[in-house]
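If you want the building blocks of each chain, they are given just below.
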Amino acid sequence: MNRFIALLWNGLVGETNKDAAALVSGIERQRPLWRRRWDLPGAIVFEAPWRSRAEQGLELGKQALFIGAVFQGDRIARAADLDVQALVRSGGASACRDLWGRYVLITRAAAQARASVLRDPSGALPCFMAQRGRAYVFFSHSEDLEALELHPASRDWTYVAQRLWNNRVITSRTGLTGVRALAPGEIARVGQGARKIETAWSLSACARASDGDDATPAERLEQAVDRACRAWRGCFDAAGLRLSGGLDSSIVLGALPRERLKAINFATPSPEGDERDFARAAAAHAGVPLVEVARDPGRVDLQRAMRHQPMLNPQLADGETDQIEAAFARAEGLKAIFSGRGGDNVFYRSARPHVLADWAALNGVGPGFWRCCLAYAAQTERPAAQSALAALRMLGRAQPDAQPAHLELLSKRAREMALTEPKPQRAELPPGKLLHIEMIEDRLNYFDHRPHADYIYPLVSQPVLEACLAIPTFVLSPGGLDRGLARAVFARRLAPEIRNRRSKGQTGAYLNAILLRHLPFVRDVLLHGALASFGLVAPDPLRRALSEEGLMRKPRLMPALVGLLSVDAWLRRPPPQVRESAP
């Protein structure tokens, strides 16, 4: 994945030039191996050394620069095929219609001293924003804050509380005042000493879009997955695949070109996370070599993981997976590791009766609705009348937000801070499609960034997102069948064991073993660490949860406890520009 810092400013203003010069000085001192990818009046882009063709980007003279991978159809985009003037006039918005990939696009209108920055709709390449005076900074990795000569910032305690409430919160906040994230599909327009944010692409707009062609939903879904997998695979001579043995990774396996492709599977000691039989069947069906690795909770060192927390999102890495995959990539000469992550979200995996609500919203409550209810009952083994009533209750009223399972662990102060901001207005869409968007947003909020390989998630690429969002949920999940459309579309490419599988691997016991092994350390951190010192956790409920009995009685709290550790680690090691402050 690309790593960059871009500076934009009005080069005709002396004081602004001084701000930019100070930023350049800090970057060159702290990142001596980086090169100037773009060096123009009012625009300088620094990039870390590339590791593969996926990071080469595309330079369109002095008017536009794509940082990262940009595709047209199923191949890397070429400058000769692009309308540069349309990109500049739209501030990059036309790229959302004609191109896709993992990129940040910078366009310049030099005569008007204006520039724009677009983050691609998949959001796979992060883009943070800050400024020094009237010089604007855009950068991909929060750990590069140390290279920027920014004015001191404070912790954003509202965001910290939001992360405690929901460790996957969707927001432009980053945890630091003065630093925000550009959302997927957003454009930052810079000019006249100001920065303006606008939306060029959104999940809700895709969900409202008409089909636009004569292809069936099945054809559109298959074409989108094939396009994404072929285009990304063409960027790497050799690649790996995380093959869990589940439906999503098996679909990616079925869509990827097989030459110089090798799969890896991780199995937990407990049966719930041991999917080796399914992975073997998938690999044999595709004719791809498979490496099997047994997970060992004893190899995970939480104390070490907590020493490296450059930002609040993502959460702590277990370390074991990184070490194994790094050795796997070195041994096989792999530059990329593909994953089916995000398939649950995009293909629509949900056991709730929202598909029935969507049918009623779009088609009315007639004989077709009741046939859907009967099919749903047969598939899910839930009473048809009860499911129908639950679906009809969803129509015409907003759904209440679910309370987090770990609410009891947060102090009253943390709860109040987390709810200070008004909720964003929800789009006018059926209940199931709103749930679909929430599921996808959760996935777009988390991508792995590791130094040993480029991690590729083709199922959350823009073509697949757009194809699935335009398909009603009751078509994606006919009769409530888990990812039913995707299962049918790729059936001929799947091993029979995968095609007919309905279970899903779980890692709860593995995570529980890690926490139990580190329980004294976890208890000390959460009861006496940064969160406790700032009064953001409730000590008595937390003390009860942090016992062997508590973990066994309430396993649903385990992900929340890892989230608390992540936030505590970040609070202990803030970036150097942060002023100490209390909530």
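Above this text you will find the structure in question.
Description of the structure in this document. (Residues numbered from 1 in each chain as written. Predicted model: local features only at pLDDT ≥ 70, side-chain atom pairs only at ≥ 80, totals over all residues. Heavy atoms only, no water.)

Looking only at helices and strands, one finds 26 helices and 20 strands in the protein. Scaling as 2.2 N^0.38, a compact globule of 583 residues should have a C-alpha radius of gyration of about 25 Å, and the protein matches this with 24 Å. Projected onto its principal axes, the C-alpha coordinates of the protein cover approximately 70 × 60 × 55 Å. Among the 583 residues that make up the protein, the fraction classed as buried is 56%. Looking at the protein alone, contacts between residues at least 24 apart form 72% of all its contacts between residues at least 6 apart. Here the protein displays about 24500 Å² of accessible surface, and carbon together with sulfur accounts for 51% of that area. (Helix = DSSP H or I, 4+ residues; strand = E, 2+ residues; numbered from the N terminus. Rg over C-alpha atoms; globule rule 2.2 N^0.38 Å. Buried < 20%, exposed > 50% of the residue type's maximum accessible area, 1.4 Å probe, protein only. Contact = heavy atoms within 4.5 Å. Areas by Shrake-Rupley, 256 points an atom, 1.4 Å probe, with all protein chains shown as cover.)

This brings us to the sheet that holds strand 2 (residues 35–40). The strands making up a sheet associate through hydrogen bonds between their backbones, and the pairing can be parallel or antiparallel. In spatial order, the strands read 2-3-1-10-9-12; together these six strands make up an open sheet with antiparallel pairing. Each of the sheet's edge strands pairs with one partner strand only, and the pair in question is strand 2 and strand 12 (180–181). Looking at chain direction, strand 1 (residues 4–8) and strand 3 (residues 43–47) are connected through five bridges and run antiparallel. By the bridge assignment for strand 3, Ala-6 is matched with Val-45. (Pairing = 2+ DSSP bridges.)

The biggest cluster of nonpolar side chains holds 95 residues, and the ones touching the most others in it are Phe-66, Val-225, Trp-232, Phe-338 and Phe-347. The element contributing the most residues to this core is helix 6 (residues 217–233), with seven residues. Every residue in contact with Val-225, bar those within four places of it in the chain, is listed here: Ile-251, Ala-255, Phe-347, Leu-459, Val-464 and Phe-490. Ile-44, Ala-48, Tyr-510 and Val-522 belong to the second-largest nonpolar core, a separate cluster that totals 63 residues. (Core = buried A, V, L, I, M, F, W, Y, C linked by side-chain atoms within 4.5 Å.)

This part covers empty space enclosed by the protein. Rolled over the atoms, a probe sized like a water molecule indicates the empty space that remains. Inspection of every chain in the model, using the stated rule, returns two cavities of 30 Å³ or more. When its volume is computed, the second largest cavity comes out at roughly 50 Å³. Every residue along the wall of the second largest cavity is listed here: Ser-250, Leu-253, Gly-254, Ala-282, His-285, Ala-286, Arg-493, Leu-494, Ala-495 and Ile-498. The set of elements that each furnish at least two residues to the lining of the second largest cavity consists of helix 7 (247–255) and helix 8 (276–286). Tallied by class, residues from the lining of the second largest cavity come to six nonpolar, three polar and one charged. (1 Å grid on protein atoms, 1.4 Å probe; cavity = no way out; pocket = protein on both sides within 12 Å on 5 of 7 lines; lining within 4 Å. Points joined across faces, edges and corners; volume = space filled by probe spheres on them. Nonpolar A, V, L, I, M, F, W, Y, C, P; charged D, E, K, R; others polar.)

What follows deals with the packing of aromatic side chains. The full count for this structure, using the stated rule, is eight aromatic pairs. Measuring from centroid to centroid gives 5.1 Å for Trp-359 and Phe-474, while their planes differ by 70 degrees, and the two rings are edge-to-face. Taken together, the positions of Trp-359 in helix 12 (residues 354–363) and Phe-474 in helix 18 (residues 473–476) put the pair 115 residues apart, joining distant regions of the chain. Aromatic rings pair up to connect Phe-71, Trp-100 and Trp-232 into one cluster. The ring of Trp-50 carries the charged tip of Arg-35 above its face, separated from the ring centre by 4.6 Å. The lysine or arginine in question, Arg-295, covers the ring of Tyr-510, its NZ or CZ lying 5.2 Å from the ring centre. (Phe/Tyr/Trp six-rings, centres within 6.5 Å; stacked < 30°, edge-to-face > 60°. Lys NZ or Arg CZ within 6 Å of the ring centre and 35° of its normal.)

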